[in-house]
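Chain residues, written in single-letter form:
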Amino acid sequence: MSNDIKELSKAVRFLSIDAIEKAKSGHPGLPMGMADVATVLFKYYLRFNPKNPSWVNRDRFILSAGHGSMLLYSLLHLTGYKSISIKDIQNFRQLKSICAGHPEYRKNSGIETTTGPLGQGLSNAAGMAIAEEVLRKKFTPSLINHKTYVIASDGDLMEGISHEVMSLAGHLKLKNLIVFFDNNKISIDGSTNLSVSDNYKKRFESYGWSFQEINGHNEKQISKAIKKALKSKKPNLISCKTIIGYGSPNKGGKASSHGAPLGDKEIALVRKKLKWKYAPFEIPKKILAEWKEIGNKGHLLEKKWNNIYAKKNNKIKNEFIRIMNEKLPKNLSKIIEKEKINFFSSKQAIATRKASELVIEKITNNLPELIGGSADLSGSNNTKTKYSKIIKPSDFSGNYIHYGIREHAMAGIMNGMSLHRGIIPFGGTFLIFSDYCKPSIRLSAFMGLKVIYIMSHDSIGLGEDGPTHQPIEHLFHLRSIPNLNVFRPMDTIETLECWEIALKDSSNPSVIAVSRQKLPFVTENFTKKNMCSLGAYEVKKSNSVSNITLIASGSEVHIAIEAHEKLQSENINSKVISMPCQEYFDKQPLSYKEKIIDKNSIKISIEAGSIFGWEKYVGTNGFSLGLKSFGKSAPYKKIYEEFGLTSDNIVKLAKKMLNK
């Protein structure tokens, strides 16, 4: 190790351990162990510009091992990112500090994604690598030609998502993806041999990855491995044998350095051993200047790129700017409006999954940044249309990914594509399998990403496949995630409107839950206004004041309408509310909400799923008609009857409540 790299690495190590010690909380082991690898990468290979953290053609650096967050913050501060000041470092893990316990994505900060739940960073990185390939094909390597680098821990590679992601990355031959495995053989419980005996070389080579093993504290080996990876035709894993807590006389190489501050006495010993004579948070001017110079090189790299970009014709530049700035085509609203007229004219009684397919088919050719896919359920989710072109290892000019049976990877990869910018990802699976996607969906919401999840077979209405495939609690679970919009449309019009909202919302991911079974067309009046953007609205109403308010979503709206008509025949006034999106309804002014759901009426909610969450709309005197148990295996109409989800039962219930 050259003296230059040694001193630069020490700055990273001591900023990290000093911040962790001041916070009395954190994980010093990884920053101390991987400082050498990170320093070599940043000094010689990583293309980035601290003056413009969002430069489109920068290399992406992902700390999948998010517990080692101080490694990232130290690197960003030292190289000159304005987002991370020395005060921020000193306020590590404190309220409102950008230096959170685990990295939290923030635009234009250098923090490329939120990590901490292990394996998520790996999946995001694969998504970024796919986005790079797609955009490079679209705009040529002269504009897009960057790498995605990842630091992953043994924990990342133990999580099941790592298998899903790395298998798909190998299949797609994502040669622009380079993963540094911090192979320190230590986890929280102790040595990794307590639980792992994998042959990593055989594992990753079987995925189709290039595998190298190096000493993570040897500059020449680190540099040689990176050079080789840069020439590879496959995704790359570099297993870096490191010492966790490197430099700590009593805790180096031990689990005790993983997740707790070293302590003042041990830090004093580290300073002595590594010959670092400076006070906490003090970086010598010479070393700091050298780190800043590493960051300054990016300005010249971007300047060269800008010169290349300037020579492109206006058509290319305009489309590039539009896509990268996440602006939708100007004609999209007109396309959607035209299709809405067609849907209203045809009044098709089709499954909302089929309606979703029709929407995708109409917008695909006018929205080149839309990249779809499915977890081996394309024909069931109806995510693949006649305009879908498959993305293959040899051809990234397509717009559709066959994810295989890898739901978790699909969700994490879509997050990465969205984070990269230039891509609007959507992916499909059954709503029941949102369980497999949940950790990544939660992070989509946490980061405020435009990711669209098409979840079909959204209730007991899927029928004969039975309770193992019938979602019950899933809508409630998803609705409980902050910042996630959950849509459940009742017919073709609402499906189109939900898609429109999802496409235009730049700060929220969307779940569009669609039916397996055919549903009647129930929209009575045409309007250009997107009614789903209100969250809930009246679809049927008696002429007089309504005594009963029936609130339903999706496939149960038409049942509520049938009940309304039967009540009407008995001179009982009622109205039907379609509630395709609770989140949007909750944002409406109180006056609108009270207009839609009259507090003086008897309120009944109808949804073929868990009743949890509906109490805030029906109140203590209302009733939620739904499921309190798992479903059944039978034709779906029989299951609806079994659970009382029929118009006759709603009428019976309403009359009983009126007579109380």
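Let me sum up the structure you'll find in this document. The structure presented is a predicted model; accordingly, all values stated were derived computationally and were not measured.

### Here's the deal with the overall build of the protein
Next, step 1: Helix and strand counts for the protein come out as 25 helices and 18 strands.
Next, step 2: Over its C-alpha atoms the protein spans a radius of gyration of 28 Å, differing by no more than 12% from the 26 Å that the globule rule assigns to 660 residues.
Next, step 3: Referenced to the eigenvectors of the C-alpha coordinate spread, the extents of the protein come out at roughly 90 × 55 × 45 Å.
Next, step 4: Of the roughly 26,400 Å² of accessible surface on the protein, 51% is carried by carbon and sulfur atoms.
Next, step 5: In the protein, which carries 96 positive and 62 negative side-chain charges, the distance between the mean positions of the two groups comes to 7 Å.

### Some points on the packing of helix α3 (residues 69-79) against helix α11 (residues 285-310)
Next, step 1: Contact pair α3 / α11: the axes reach a minimum separation of 7 Å and the direction vectors enclose 90°. In terms of their interaxial angle, α3 and α11 are classed as roughly perpendicular. Here Leu75, His77, Leu78 and Thr79 of α3 come into contact with α11, specifically with Leu288, Trp291, Lys292, Ile294 and Gly295.
Next, step 2: When the residues that make up the contact of α3 with α11 are grouped by side-chain class, the tally is 5 nonpolar, 3 polar and 1 charged.

### A closer look at the sheet that holds strand β14 (residues 537-541)
Next, step 1: The 5 strands lie next to each other as β14-β16-β15-β17-β18, forming an open sheet whose pairing is mixed. The sheet terminates laterally at β14 and β18 (623-627), the two strands that pair on one side only. Strand-to-strand twist of the sheet, defined as the mean angle between neighbouring strand axes without regard to direction, takes the value 20°.
Next, step 2: Sheet topology note: the strand β15 (residues 548-552)/strand β17 (residues 602-610) ladder contains 5 bridges and is parallel.

### Observations concerning the nonpolar core
Next, step 1: By size, the foremost hydrophobic cluster in this structure holds 71 residues, and its most contacted members are Leu174, Leu177, Phe204, Trp209, Leu237, Phe320 and Met417.
Next, step 2: No other element matches helix α5 (residues 120-139), which puts 10 residues into this core.
Next, step 3: In this structure, Ala65, Leu76, Ile151 and Phe180 belong to the second largest nonpolar core, which totals 61 residues.

### Some points on the pairing of strand β6 (residues 210-215)
Next, step 1: Sheet analysis places β6 next to strand β7 (residues 236-241), joined by 6 bridges and oriented parallel. Residue isoleucine 214 lies in a different strand from β7, and its bridge partner there is cysteine 240.
Next, step 2: Crossover β6 to β7 through helix α9 (residues 219-230) is right-handed.

### Let's talk about the packing of helix α1 (residues 3-23) against α3
Next, step 1: Between α1 and α3, whose axes approach to 9 Å, the crossing angle comes to 120°. Relative to α3, the element α1 is oriented oblique. Seen along the crossing, α1 lies across α3 with a hand that is right-handed. On α3, the residues that touch Ala11, Val12, Leu15, Ser16, Ala19 and Ile20 of α1 are Met70, Leu71, Ser74, Leu75, His77 and Leu78.

### Brief notes about the layout of surface pockets
Next, step 1: Here the largest pocket is characterised by a volume of approximately 440 Å³.
Next, step 2: Lining the largest pocket are 30 residues, and of these Tyr105, Lys107, Glu326, Ser418 and Arg421 lie nearest its centre.
Next, step 3: For the lining of the largest pocket, the elements supplying multiple residues, two or more each, are α12 (314-324), α16 (407-420) and β10 (424-430).
Next, step 4: Here the lining of the largest pocket is built from residues that sort into 12 nonpolar, 9 polar and 9 charged.

### Here's the deal with the sheet that holds β10
Next, step 1: Strand order in the open sheet made by the 6 strands is β9-β8-β10-β11-β13-β12, with parallel pairing throughout. The outermost strands of the open sheet, each flanked by one partner alone, are β9 (400-402) and β12 (485-487). Neighbouring strand axes in the sheet, compared pairwise and without regard to direction, differ in orientation by 20° on average.
Next, step 2: Both strand β11 (residues 452-456) and strand β13 (residues 510-513) contribute to a ladder of 4 bridges, which runs parallel. Paired with tyrosine 453 across the two strands is valine 511, which belongs to β13.

### Looking at empty space enclosed by the protein
Next, step 1: Tallied over the full model, the rule gives 4 cavities of 30 Å³ or more.
Next, step 2: Taken as a whole, the largest cavity encloses approximately 90 Å³ of empty space.
Next, step 3: Lining the largest cavity are 13 residues, with Phe48, Phe61, Tyr81, Gly110 and Glu112 sitting closest to its centre.
Next, step 4: Looking at the lining of the largest cavity, the elements that each hand over two or more residues are β1 (60-63) and α3.

### Regarding unusual backbone geometry
Next, step 1: One non-glycine residue, lysine 275, adopts positive backbone phi at about 60°.
Next, step 2: With respect to the helices and strands, the residue lysine 275 is situated in the loop between α10 (264-273) and α11.
Next, step 3: Of note in the backbone geometry, asparagine 571 takes a positive phi value of approximately 60° without being a glycine.
Next, step 4: With respect to the helices, strands and loops of the structure, asparagine 571 is situated in the loop between α20 (557-569) and β16 (574-578).

### Side note on the pattern of salt bridges
Between side chains of opposite charge, a pair can form when the charged atoms approach closely.
Next, step 1: The full count for this structure, using the stated rule, is 31 salt bridges.
Next, step 2: When the shortest N-O distance is used, the salt bridge between glutamate 7 and lysine 10 registers 2.9 Å. Linking glutamate 7 with lysine 10, this pair stays in helix α1, spanning 3 residues, or about one helical turn.
Next, step 3: Judged by its relative accessible area of 10%, lysine 10 falls in the buried class.
Next, step 4: Across the pair lysine 201 and glutamate 205 runs a salt bridge whose closest N-O atoms are separated by 2.9 Å. Remark: glutamate 205 and lysine 201 occur in helix α8 (residues 200-207); sequence separation between them is 4 residues, near one turn of the helix.
Next, step 5: Relative accessible area serves as the criterion here: at 43%, lysine 201 is assigned to the partly exposed category.
Next, step 6: You can call glutamate 205 partly exposed: its relative accessible area is 38%.
Next, step 7: Residues participating in the shared-partner salt-bridge network are Asp458, Arg479, Arg488, Glu556 and Glu607.

### As for the packing of aromatic side chains
Next, step 1: Under the criterion given, the structure shown has 29 aromatic pairs.
Next, step 2: Taken together, a centroid distance of 6.0 Å and an interplanar angle of 65° make the contact between phenylalanine 344 and phenylalanine 521 edge-to-face. With a gap of 177 residues between them, phenylalanine 344 in helix α13 (residues 332-346) and phenylalanine 521 in the loop between β13 and β14 connect regions that are remote in the sequence. A single burial state applies to phenylalanine 344 and to phenylalanine 521, both of which are buried.
Next, step 3: Relative to tryptophan 499, the ring of phenylalanine 426 lies with its centre 5.5 Å away and its plane at 85°, an arrangement referred to as edge-to-face. Taken together, the residues span a long stretch of sequence, with phenylalanine 426 in strand β10 and tryptophan 499 in helix α19 (residues 492-504) at a distance of 73 residues.

Parameters and conventions
- Residues numbered from 1 in each chain as written.
- Predicted model: local features only at pLDDT ≥ 70, side-chain atom pairs only at ≥ 80, totals over all residues.
- Heavy atoms only, no water.
- Helix = DSSP H or I, 4+ residues; strand = E, 2+ residues; numbered from the N terminus.
- Rg over C-alpha atoms; globule rule 2.2 N^0.38 Å.
- Areas by Shrake-Rupley, 256 points an atom, 1.4 Å probe, with all protein chains shown as cover.
- Lys, Arg positive; Asp, Glu negative; His and termini not counted.
- Charge placed at Lys NZ, Arg CZ, Asp CG, Glu CD.
- Axes fitted to C-alpha atoms, helices over the stretch in contact; angles between N-to-C directions.
- Parallel < 35°, antiparallel > 145°, perpendicular 65-115°, else oblique.
- Contact = heavy atoms within 4.5 Å.
- Nonpolar A, V, L, I, M, F, W, Y, C, P; charged D, E, K, R; others polar.
- Pairing = 2+ DSSP bridges.
- Core = buried A, V, L, I, M, F, W, Y, C linked by side-chain atoms within 4.5 Å.
- Buried < 20%, exposed > 50% of the residue type's maximum accessible area, 1.4 Å probe, protein only.
- Right-handed = clockwise from strand over helix to strand, strands pointing away.
- Left-handed = near helix turned anticlockwise from the far one by under 90°.
- 1 Å grid on protein atoms, 1.4 Å probe; cavity = no way out; pocket = protein on both sides within 12 Å on 5 of 7 lines; lining within 4 Å.
- Points joined across faces, edges and corners; volume = space filled by probe spheres on them.
- Salt bridge = Lys/Arg side-chain N within 4 Å of Asp/Glu carboxyl O.
- Phe/Tyr/Trp six-rings, centres within 6.5 Å; stacked < 30°, edge-to-face > 60°.

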